[in-house]
Amino acid sequence: SGLLRRHVSELANQFARTSDLLQACRAYIEVQPQFAVALEEIYQGVNAQEHEVAALLGQDPDILPLPDAQHPEAYSVITKWQRLTAEVDRILANFHQRTPLAQGMEMESVRSQLSFAFSPKLFRPVVDKLAAEAIVVREESSLRLASHSVTLNTAEQATAIHLQQVLDDGGLTPAEMKDLEGTLGLPRKQLADLLGILESQQKIVKVTTDVYIGMPA
């Protein structure tokens with residue numbers, strides 16, 4: 001009976017330590033300025049052993065391993081994820097409102113406006129998760145809200161048709177943006193937006209940065 005009581009007491013103490021340690025890990029990750037914290041920094045920060053912290057972090061559904069659970073390099077928490085998704089939604093909504101013809105916002109521009117610190121390596125799996133949860137749509141190096149679509153007015157449609165015709169008339173000869181600016185008399189920003197729209201509609205081909213060709217019949 002005494003042995004059983006001692007065993008139960010030891011289990012209770014172990015459970016309490018595990019619970020306290022997990023809370024300490026969560027709290028440590030939460031207060032760090034970066035979105036995700038490396039395992040080494042966490043176990044040193046809470047003054048615990050690497051193996052026990054790693055095991056706990058892997059079992060807690062409120063802790064997010066990055067880049068993934070199989071190859072965790074750093075950890076974040078669900079509360080940070082919720083703040084991040086709200087920030088991304090706000091940043092992209094503002095971008096779409098300011099530049100309605102742009103297909104999306106460059107990933108690096110989004111990253112630079114977030115309140116969290118990110119390494120480029122860890123930002124990519126975060127973007128993948130944002131896309132998997134339909135918070136954003138990723139197209140090459142740009143991001144947009146899933147709800148965003150580009151709508152051209154009558155004048156813009158006419159300009160886009162003219163732009164496509166100029167590229168088609170060029171056949172397989174690539175055209176640079178600076179030459180198209182002169183030919184069409186368009187501001188570079190508007191030209192870039194229209195080229196992006198035509199490319200997304202598979203009406204022209206982007207050869208390299210700032211170089212395009214048409215798709216004549």
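Higher on the page you've got the structure.
Caption draft 1: Representation of the overall build of the protein. A tally of regular secondary structure across the protein gives 9 helices and 9 strands. For 217 residues, the compact-globule formula gives about 17 Å, and the C-alpha radius of gyration of the protein, at 26 Å, lies well above that figure. A sequence separation of at least 24 residues applies to 59% of the contacts in the protein between residues at least 6 apart. The average position of the 19 basic charges and that of the 28 acidic charges among the side chains of the protein differ by 5 Å.

Caption draft 2: How the structure looks around the sheet that holds strand S7 (residues 175-176). Spatial ordering of the open sheet is given by S7-S9-S8, a layout of 3 strands whose pairing is antiparallel. Looking along the sheet, the strands with just one partner apiece sit at the ends: S7 and strand S8 (204-208). Looking at chain direction, S7 and strand S9 (residues 211-214) are connected through 2 bridges and run antiparallel. Within the sheet, the bridge partner assigned to glutamate 176 lies in S9 and is valine 211. Together, S7, S8 and S9 form the strand contacts of helix H7 (residues 154-169), whose direction differs from that of S9 by roughly 85°. Contacts from helix H9 (residues 188-200) reach S8 and S9, with the element oriented near 115° to S8.

Caption draft 3: Fine view of the side chain of glutamine 32. The topology assignment puts glutamine 32 in the loop between helix H1 (2-31) and strand S1 (37-38). Classification of glutamine 32 by relative accessible area gives buried; the value is 15%. In terms of polar contacts, glutamine 32 uses its side chain to reach the backbone carbonyl oxygen of tyrosine 28, at 3.2 Å.

Caption draft 4: Seen up close, helix H6 (residues 120-132). When the terminal C-alpha atoms of H6 are compared, their 19 Å separation across 13 residues agrees well with the 18 Å that a helix rising 1.5 Å per residue should span. Taken together, the buried positions of H6 are Leu122, Phe123, Pro125, Val126, Val127 and Leu130. In this structure, the buried residues of H6 make contact with strand S2 (63-66), strand S3 (74-77), helix H4 (78-98), helix H5 (107-113), strand S5 (136-139) and strand S6 (142-145).

Caption draft 5: Looking closely at the environment of alanine 131. Mapped onto the fold, alanine 131 is located in helix H6. Using a relative accessible area of 33% as the deciding quantity, one classes alanine 131 as partly exposed.

Caption draft 6: Here's a closer look at the packing of helix H8 (residues 177-184) against H9. Packing of H8 against H9 leaves a shortest axis separation of 10 Å and a crossing angle of 110°. When the interaxial angle is binned, H8 and H9 end up roughly perpendicular. Contact residues: H8 offers Met177, Lys178, Leu180, Glu181 and Leu184, while H9 offers Arg188, Leu191, Ala192 and Leu195.

Caption draft 7: Region of the structure containing the sheet that holds S3. With antiparallel pairing, 3 strands are arranged side by side in an open sheet as S1-S3-S2. Among the strands making up the open sheet, the edge pair consists of S1 and S2. For S2 and S3, the ladder comprises 4 bridges, and the chain directions are antiparallel. What sits directly across from leucine 64, in S3, is serine 76. Sitting on the sheet, H4 is in contact with S2 and S3, with an inclination near 75° to S3.

Caption draft 8: Structural detail: the pattern of salt bridges. Under the defined criterion, the tally for this structure stands at 12 salt bridges. Ionic pairing is found between aspartate 210 and arginine 188, a salt bridge with its closest N-O pair at 2.9 Å. You can see aspartate 210 sitting in the loop between S8 and S9 and its partner arginine 188 sitting in helix H9, a full 22 residues away along the chain. Residue class for aspartate 210 comes out partly exposed when judged on its relative accessible area of 29%. By sharing partners, the salt bridges in this structure join Arg26, Asp60 and Asp62 into a single network.

Caption draft 9: Focus on a nonpolar patch on the surface. A cluster of nonpolar side chains, contributed by Val205, Val207 and Met215, occupies part of the molecular surface with about 230 Å² of accessible area. With respect to the secondary-structure elements, methionine 215 resides in the segment after S9.

Caption draft 10: Examining the packing of H4 against H6 more closely. For the pair H4 and H6, the least separation of the axes is 12 Å and the interaxial angle reads 75°. Relative to H6, the element H4 lies roughly perpendicular. Residues Trp81, Leu84, Thr85 and Val88 of H4 form the contact with H6, whose participating residues are Val126, Lys129 and Leu130.

The rules behind the values
Residues numbered from 1 in each chain as written. Predicted model: local features only at pLDDT ≥ 70, side-chain atom pairs only at ≥ 80, totals over all residues. Heavy atoms only, no water. Helix = DSSP H or I, 4+ residues; strand = E, 2+ residues; numbered from the N terminus. Rg over C-alpha atoms; globule rule 2.2 N^0.38 Å. Contact = heavy atoms within 4.5 Å. Lys, Arg positive; Asp, Glu negative; His and termini not counted. Charge placed at Lys NZ, Arg CZ, Asp CG, Glu CD. Pairing = 2+ DSSP bridges. Axes fitted to C-alpha atoms, helices over the stretch in contact; angles between N-to-C directions. Buried < 20%, exposed > 50% of the residue type's maximum accessible area, 1.4 Å probe, protein only. Polar contact = N/O pair within 3.5 Å; in protein donor to acceptor, adjacent residues only side chain to side chain. Expected span 1.5 Å × (residues − 1). Parallel < 35°, antiparallel > 145°, perpendicular 65-115°, else oblique. Salt bridge = Lys/Arg side-chain N within 4 Å of Asp/Glu carboxyl O. Patch = residues over 30% accessible without salt bridge, like charges linked within 9 Å, V, L, I, M, F, W, Y side chains within 5 Å. Areas by Shrake-Rupley, 256 points an atom, 1.4 Å probe, with all protein chains shown as cover.

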